[in-house]
Amino acid sequence: MAEVEGRAILLRRIPYSDTSLVCHFLTEEHGRIALMARGARRVKSPFRGALAPLYALNIRWRMGRTGMGTLVDIERGARLLDEMYDLDGLELCAVASGLFQDGDPHGYAELTESLQVMRDRPIDSSLYSGVWRLLELSGWVSGFEHCWVCGSEVDASLPMVWHEGHLACSSCGSGIAISAGMRKGITAHLSQSNVRLGKQELSSWRKMIQDVLRQHGVRPLSSISQEYS
Ligand SMILES: [Zn+2]
């Protein structure tokens, strides 16, 4: 069977038999794949230390004749996030795992870019920035300058509303008010790394994200990250 090599990020590890792991990766060229890492849980396995999330990985695998391929070699490169962002990074990977299912050709570029956004944001908003970018790149959310329902631009001085996973102008819906200040704050925050958001804005932003994830059947963010909001 042909061997393939490429850059990858580890999404999930699931124990298989007494000694092995089934590993889900987002790969640069082949999208999301699941591979059997034989013996990876043995103390002396070369896979053991290298199979870590939030690292740039280079993996080599053998395609399966039918079904799952086999991991042949793995090389661990640089960390993708500073250690203090680890919990947020794992949460982002969990969201990516819900968004990009096995066989999806996308995901690697999207997760890489979202991790980059997360990397230089303040700790209290890094998760939301990263998840928002991931949702944006997946086409589930859009910008704060226009109505997602009718598409018209909304003047920056006007409030908008949040309704079932969508940001809408006042003629397109009713729902939770999203103030002009909030629209401006998040827009600035997403484009510049040094903009801090207030508690109120963070808590509303979190609700919006949870709402979008729920609408699309993805597990909402866990409570680990709630301590910031
Ligand atoms: Zn509208």
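For the structure itself, look to the data block above.
The present account deals with the structure reproduced in this document. These numbers come from a predicted model, not from an experiment. (Residues numbered from 1 in each chain as written. Predicted model: local features only at pLDDT ≥ 70, side-chain atom pairs only at ≥ 80, totals over all residues. Heavy atoms only, no water.)

Details of the sheet that holds strand β8 (residues 176–178)
Strand order in the open sheet formed by three strands is β7-β6-β8, and the pairing between neighbours is antiparallel. If you trace the sheet from one side to the other, it starts and ends with β7 (166–168) and β8, each paired once. Within the sheet, the average angular offset between the axes of one strand and its neighbour, ignoring direction, is 35 degrees. Two elements, strand β6 (residues 160–163) and β7, share three bridges in a ladder whose sense is antiparallel. Considered in β7, the bridge of Val-161 is made with Ala-168. (Pairing = 2+ DSSP bridges. Helix = DSSP H or I, 4+ residues; strand = E, 2+ residues; numbered from the N terminus. Axes fitted to C-alpha atoms, helices over the stretch in contact; angles between N-to-C directions.)

Let's talk about helix α2 (residues 86–99)
Taking 1.5 Å of rise per residue, the 14 residues of α2 would be expected to cover 20 Å, and the 20 Å separating its terminal C-alpha atoms lies within 8% of that figure. Of all the residues in α2, the buried ones are Asp-88, Gly-89, Glu-91, Leu-92, Cys-93, Val-95, Ala-96, Ser-97 and Leu-99. As for α2, its buried residues are in contact with β1 (3–16), β2 (20–27), β3 (31–37), α3 (108–119), α4 (126–137) and α6 (199–215). (Expected span 1.5 Å × (residues − 1). Buried < 20%, exposed > 50% of the residue type's maximum accessible area, 1.4 Å probe, protein only. Contact = heavy atoms within 4.5 Å.)

Topic: the coordination of the zinc ion
For the zinc ion, the full set of protein donor atoms is Cys-147 (SG), Cys-150 (SG), Cys-169 (SG) and Cys-172 (SG), at a range of 2.3 Å. Every donor counted, the four donor atoms about the zinc ion form angles of 105 to 117 degrees at the centre, which fits tetrahedral coordination. One chain supplies every donor to the zinc ion, and in sequence these donors are spaced C-x2-C-x18-C-x2-C. Taken as a pair, Cys-147 in the loop between α4 and β6 and Cys-169 in the loop between β7 and β8 lie far apart in primary sequence, 22 residues in all. Each member of the pair, Cys-147 as well as Cys-169, carries the same accessibility label: buried. (Donors = N, O, S within 2.8 Å, 3.2 Å for Na, K, Ca; no water. Tetrahedral: all angles 85-135°; square planar, octahedral: opposite > 155°, others 65-115°.)

Looking at the sheet that holds β1
Sheet architecture is closed into a barrel: five strands sit in the order β1-β2-β3-β5-β4, paired in mixed fashion. Geometrically, the sheet is characterised by an average inter-axis angle of 45 degrees between neighbouring strands, direction not taken into account. Inspection of the sheet shows strand β4 (residues 55–62) paired to strand β5 (residues 69–79) by seven bridges, in the antiparallel sense. The residue of β5 that forms the bridge with Ile-59 is Ile-74. Those strands touched by α2 are β1, β2, β3 and β5, and its axis lies near 100 degrees from that of β1.

Quick look at the pattern of salt bridges
In this structure the tally under the stated criterion is 10 salt bridges. With its nearest N and O atoms 3.1 Å apart, the salt bridge here joins Arg-7 to Glu-28. In this pair, Arg-7 sits in strand β1 while Glu-28 sits in the loop between β2 and β3, placing the two residues 21 residues apart along the sequence. Residue Arg-7 is classed as partly exposed on the basis of its relative accessible area, which comes to 45%. Its salt-bridge partner being Arg-133, residue Glu-113 comes within 3.1 Å of it at the nearest N-O pair. Residue Glu-113 is found in helix α3, and its partner Arg-133 is found in helix α4; the two are separated by 20 residues along the sequence. (Salt bridge = Lys/Arg side-chain N within 4 Å of Asp/Glu carboxyl O.)

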